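Summary of structural features
Residue strings, one per chain:
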Amino acid sequence: MGSHWETFLHLSQDAIWCYELTSPMPLSLSVEEQVNHLYRNTFVKDCNLAAARLYGFQTEVEMIGREIREFLPLPKDLHPIRRFVLANFSEVDVEYKEVHPTGKERYFLMNVYGEVEEGHLIRYWGIQKEITSTKESENQLKGLLRFTESVNRISQLFMATKSEDTDSSIEKALEILGGFSNASRAFVAEISPDRTTLSVTSEWLFPGIPSLIGVGKKLPISKLNPERLGVLAGNGSIDILDTSLLLAEPWHITLFSHAKVRSIFVVGLKDEGRLIGIIGITSYQEVKEFTDEAKQLLSVVSGLVSQVIVRAKNELKLRIKEKALQRFYFDIKEDLALAKVTQEAWVTSDFPSLPGVTIHSRFLPYEQIGGDLILCEKSAEGSLMVLFGDISGHGISAALVSGIVAVTFKKYAKGNFSPSEILRHIHLELSPWVHKHHISACLFQIGPVEKTITFSFAGHPPALTWNQNLKEISLIRDEMYPILLMEEWEGKEFVKTFQEGDRILFYSDGIYELEEEGLGYLGLDDFISETTEIIKSSETSMDIFKQLILNCLVEKDRIIHDDIAILLIEF
C-alpha cells in the first residue's frame, strides 16, 4: 500500500474500509449463493479510524481482521448484499439502512467497488458516510409538511363551507384526520340542545370497521363520568389506552364492546367555553398509542369543527367565529417542538444536481428559529425553480408563515407556472390569512442547458453577479414591492443569459442590517462595497461564504438584528 493511499485513508473524515474474502468467490455461483458467501466469508482487511469508530471500535486495530458478521448483525434480509451482487460489485452513492441489536436504525450513503481476478471476487473497497441524523430530520420534516398540509386542507375546507354543507365538510375533515392519525375511526358526537344526551353525529371509518352511530345515540349525560366531562369542558383531553379496563361502567359495555373500541383519544368541542360535544379517534380491537402529532392535529381540528357547528346553528355569530377560526389557525403552539427542524428545512442546503451549475447556501438565524426561506423544486424538463425569501420579522410567527409559504410554493412550483405567477399565487392564497407579515423575495427559474435565469423580484435586495475570472461586480435588481404588503400584486419577469465562470450571490437584508457600535448600521451600499472586496480577494465560493460570516460574527464588533441567509450560484 503506497504512502499516498495510507495518508488519504487515515486522514479522511469518511469511513473507508477494505473487506477481503477468506477464499475467493467464484462468479459462477448463483446470486443467492454469492450473497451467502459474501456475508459468511468476509473479513476486514484494512480500514481507517473513521470506519472503526462508526462501528463502535476505538482504533483501527480492533476492527481489522474481524469477520463482518461480528459487528454487522444479520439483517431480516440480505437485500443490500444482493443488490451489490446484481450491480456487478460496483455501486455509487447508494443509500442503505442497518438495524443494530439495540433496535436503532442507522442510515448510510456508500460507494463500493469489488476486485475480480480470474473469475473470482477477492475483495471489495468501500467509503461510507452516516446520514442517520439527516434522515431523521427529513422524516420529521415530512411529518411536519404532512401535518401543515392537513391543517391547510381542513382550514380551507371549513372556510368555504356553507351552513347546508356542514355535515359533509365535517365528514371530509374526519377522513383527513383519520388518515393522518392512522386511526380506525374518527368521530364527532354532539350534546343535545337540552344538554341531557350525547349522540354520535358524524364519523369516518376504515373499511370493515363497525359504526358508532347506531350504538352511540342519546347516551345519557348523567351516566357519563363527571370528572372526564370536567376535563373536556376545560382545555384537557381524555386518552384511554385500553377501554377494557372501563367495562365496569355500564354504558361502556354497549358502546366500546359492541363497536370494538379498544383505544380512544377525545377532546371537547366548545362554544365560548361551553362544552357542546366531543371529537375523537379510536383503534379497533387492538391497543394503539396515538402519536403526539395525531393528538395535536385532533386538537386543531376540534377548534375548527366547534366553530363550523356553531356557525351552522347560529348564523348571527358567523363573523365572530370566523375570526376565532383564523386565530386558531395561526396560533398553533404545538408546532414549537418541531419549529427549529422546520426552519432548517426551509433553507435548502442540498440542491438537486444540474449540469454545469453548482449552488451553495448558508443560514444564520437571529433567534432559535426565523423567517428566511430558500426553497427549490426541479421540473421534469430539468429546470430548477428557486424561492429566496424573507418573512418580515423573526421568531415563531415568522417561522410559521415560512411553513405555509413553503407548502404553497411546493404546490405551484410543481405546475407549469412562471416565477411571477407563483409569487402571485402565494400572494393571493396567503393574503386573507396573513395580516402581520409581508414577504420580500426573488423567485427565479434556472435553465441549465441554455444557462439562463428568469427572475421575478418582490422587494428583494439586488443580487450581485460577476465572472470568476474578471470579478467585475454588477447588480441584478428590480424595484417591485414585496408580496402581502398591498392588496394587489402583479409581478414582472426578466431573463438573463450567463456563461461559464459567472457567479450570482443572493442574500437576505439581515446581512447588511448589522449594527456597529459608534458607527451605526452597515447599510446596503457599504455591504456591497465590502462584499466586492471579499469577492476580488477570494479564490473559492467557500472562501466568500467564510469571510462574509466572519464579517458578521467575528472580525468586527457587529450586532445582528435579523436572520441571515446566503445563496451562491456558479455556472
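Residues numbered from 1 in each chain as written. Predicted model: local features only at pLDDT ≥ 70, side-chain atom pairs only at ≥ 80, totals over all residues. Heavy atoms only, no water.

**Comments concerning the overall build of the protein**
Spelled out, the test is: Only DSSP runs of H or I reaching four residues or more are called helices, and only runs of E reaching two or more are called strands; each is numbered from the N terminus. Two residues form a contact once any of their heavy atoms are found within 4.5 Å. Surface accessibility follows the Shrake-Rupley procedure with a 1.4 Å probe radius. Residue values consider only the protein chains on display as shielding.
Per the secondary structure count, the protein includes 17 helices and 24 strands. In the protein, 64% of the contacts between residues at least 6 apart in sequence involve partners at least 24 apart. Here the protein has roughly 28000 Å² of accessible surface; of this, 52% comes from carbon and sulfur atoms.

**Quick notes on the sheet that holds strand 22 (residues 520-521)**
For clarity, the threshold we go by: By this definition, two strands are paired if DSSP reports at least two bridges between them.
The strand order across the open sheet built from three strands is 22-21-23, with neighbouring strands paired in antiparallel fashion. Every interior strand has two partners, whereas the edge strands, strand 22 and strand 23 (558-559), have only one. Sheet analysis places strand 21 (residues 515-516) next to strand 22, joined by two bridges and oriented antiparallel. Paired with Glu515 across the two strands is Tyr521, which belongs to strand 22.

**Things to note about the packing of aromatic side chains**
The description of an aromatic ring pair rests on the distance of the ring centres and on the angle between the ring planes. For clarity, the cut-off: Here a pair means two rings of Phe, Tyr or Trp (six-membered ring of Trp) with centres within 6.5 Å. Their orientation is stacked below 30 degrees between planes, edge-to-face above 60, and tilted elsewhere. When a residue's accessible area, from a 1.4 Å probe over protein chains only, is under 20% of the maximum for its type it is buried; when over 50% it is exposed; and in between it is partly exposed.
Counting across every chain of the model gives 18 aromatic pairs. Judged by centre distance (5.6 Å) and plane angle (85 degrees), the rings of Tyr19 and Tyr124 are edge-to-face. You can see Tyr19 sitting in strand 1 (residues 15-26) and its partner Tyr124 sitting in strand 5 (residues 120-130), a full 105 residues away along the chain. Tyr19 gets classed as buried once you look at its relative accessible area, which sits at 4%. Ring plane angle 20 degrees and centroid distance 6.4 Å describe the contact between Tyr55 and Phe108, whose orientation is recorded as stacked. Taken together, the positions of Tyr55 in the loop between helix 3 (49-54) and helix 4 (60-63) and Phe108 in strand 4 (residues 105-117) put the pair 53 residues apart, joining distant regions of the chain. Considered together, Tyr55 and Phe108 belong to a single accessibility category, that of buried residues. Joined through ring pairs, the aromatic side chains of Phe388, Phe444, Phe455, Phe457, Phe494 and Phe506 make up one cluster.

**Topic: the sheet that holds strand 11 (residues 274-284)**
Reading across the sheet, the six strands line up as 8-7-6-11-10-9 and stay open at both edges, with antiparallel pairing between neighbours. Looking at the sheet topology across the chains shown, the edges are occupied by strand 8 (219-220) and strand 9 (237-240). Relative to strand 11, strand 10 (residues 261-271) is paired through nine bridges, and the arrangement is antiparallel. Note on strand 11: the bridge partner recorded for Phe265 is Ile281.

**Comments concerning helix 17 (residues 541-553)**
Quick reminder of the rule: The span one expects for a helix is its residue count, reduced by one, times 1.5 Å. As used here, the arc belongs to the directions running from the helix axis to the C-beta atoms.
If you check helix 17, its first and last C-alpha atoms are 19 Å apart, about what 13 residues at 1.5 Å a residue would give, namely 18 Å. Taken together, the buried positions of helix 17 are Ser541, Ile544, Phe545, Leu548, Asn551 and Cys552. For helix 17, the buried positions fall inside an angular range of 130 degrees around the axis, keeping them on one side. Turning to helix 17, the residues buried within the fold contact strand 12 (358-364), strand 17 (463-467), strand 20 (502-507), helix 16 (524-537), strand 23 and strand 24 (564-570).

**Topic: the pattern of salt bridges**
Condition: By salt bridge we mean one thing: a side-chain nitrogen of Lys or Arg within 4 Å of a carboxyl oxygen of Asp or Glu.
Under the criterion given, the structure shown has 16 salt bridges. The partner of Glu91 in a salt bridge is Arg83, and the shortest N-O contact between them spans 3.0 Å. For Arg83, a relative accessible area of 24% gives the class partly exposed. A salt bridge links Glu115 to Arg123; the shortest N-O distance between them is 3.0 Å.

**Details of the confidence of the model for the protein**
Counted only if it meets this: Confidence scores labelled pLDDT are given residue by residue by the predictor and lie between 0 and 100.
When pLDDT is averaged along the protein, the result is 83, and 87% of the positions lie at 70 or above. In the predicted structure, residues 332-337 sits below a pLDDT of 50 and forms 10 contacts with residues beyond four places in sequence or in another chain.

**Considering the side chain of Ser538**
Rule in force here: We call two N or O atoms a polar contact when they sit within 3.5 Å, provided that within protein one can donate a hydrogen and the other can accept it, with sequence-adjacent residues counted only if both atoms are side-chain atoms.
Inspection of the secondary structure assignment puts Ser538 in the loop between helix 16 and helix 17. The exposure class assigned to Ser538 is buried, which follows from its relative accessible area of 7%. Within the structure, Ser538 has its side chain in polar contact with the backbone oxygen of Ile534 (distance 2.6 Å). Excluding its chain neighbours within four sequence positions, the residues that come into contact with Ser538 are Gln468, Lys471, Asp543 and Ile544.

**Brief notes about the pairing of strand 2 (residues 42-47)**
Among the six residues that make up strand 2, five are buried, leaving the element largely enclosed by the rest of the structure. Pairing between strand 1 and strand 2: five bridges, direction antiparallel. Following the sheet pairing, Glu20 is matched in strand 2 by Phe43.

**A word on unusual backbone geometry**
Even without being a glycine, Asn88 presents a positive backbone phi close to 60 degrees. Within the secondary structure layout, Asn88 lies in the loop between helix 6 (79-86) and strand 3 (90-99). For Arg195, which is not a glycine, the phi torsion comes out positive at approximately 60 degrees. Looking at Arg195, the relative accessible area reads 32%, which means it is partly exposed.

**Structural notes on the nonpolar core**
As a reminder of what qualifies: Throughout this description, the term nonpolar core refers to a set of buried Ala, Val, Leu, Ile, Met, Phe, Trp, Tyr and Cys residues connected via side-chain atoms within 4.5 Å.
Of all hydrophobic cores here, the largest spans 32 residues; its most connected members are Ile279, Ile281 and Val305. Sorting the residues of this core by element identifies helix 7 (132-159), helix 8 (166-181), strand 6 (185-191), strand 10, strand 11 and helix 11 (292-313) as the ones contributing at least two each. Looking at this core, the element that brings in the most residues is helix 11, giving 10 residues. Aside from chain neighbours lying at most four places away, what touches Val305 is Phe158, Ile170, Val188, Leu269 and Ile279. Among the nonpolar cores identified, the runner-up in size contains 29 residues, and Ala15, Ala52, Leu54 and Met110 belong to it.

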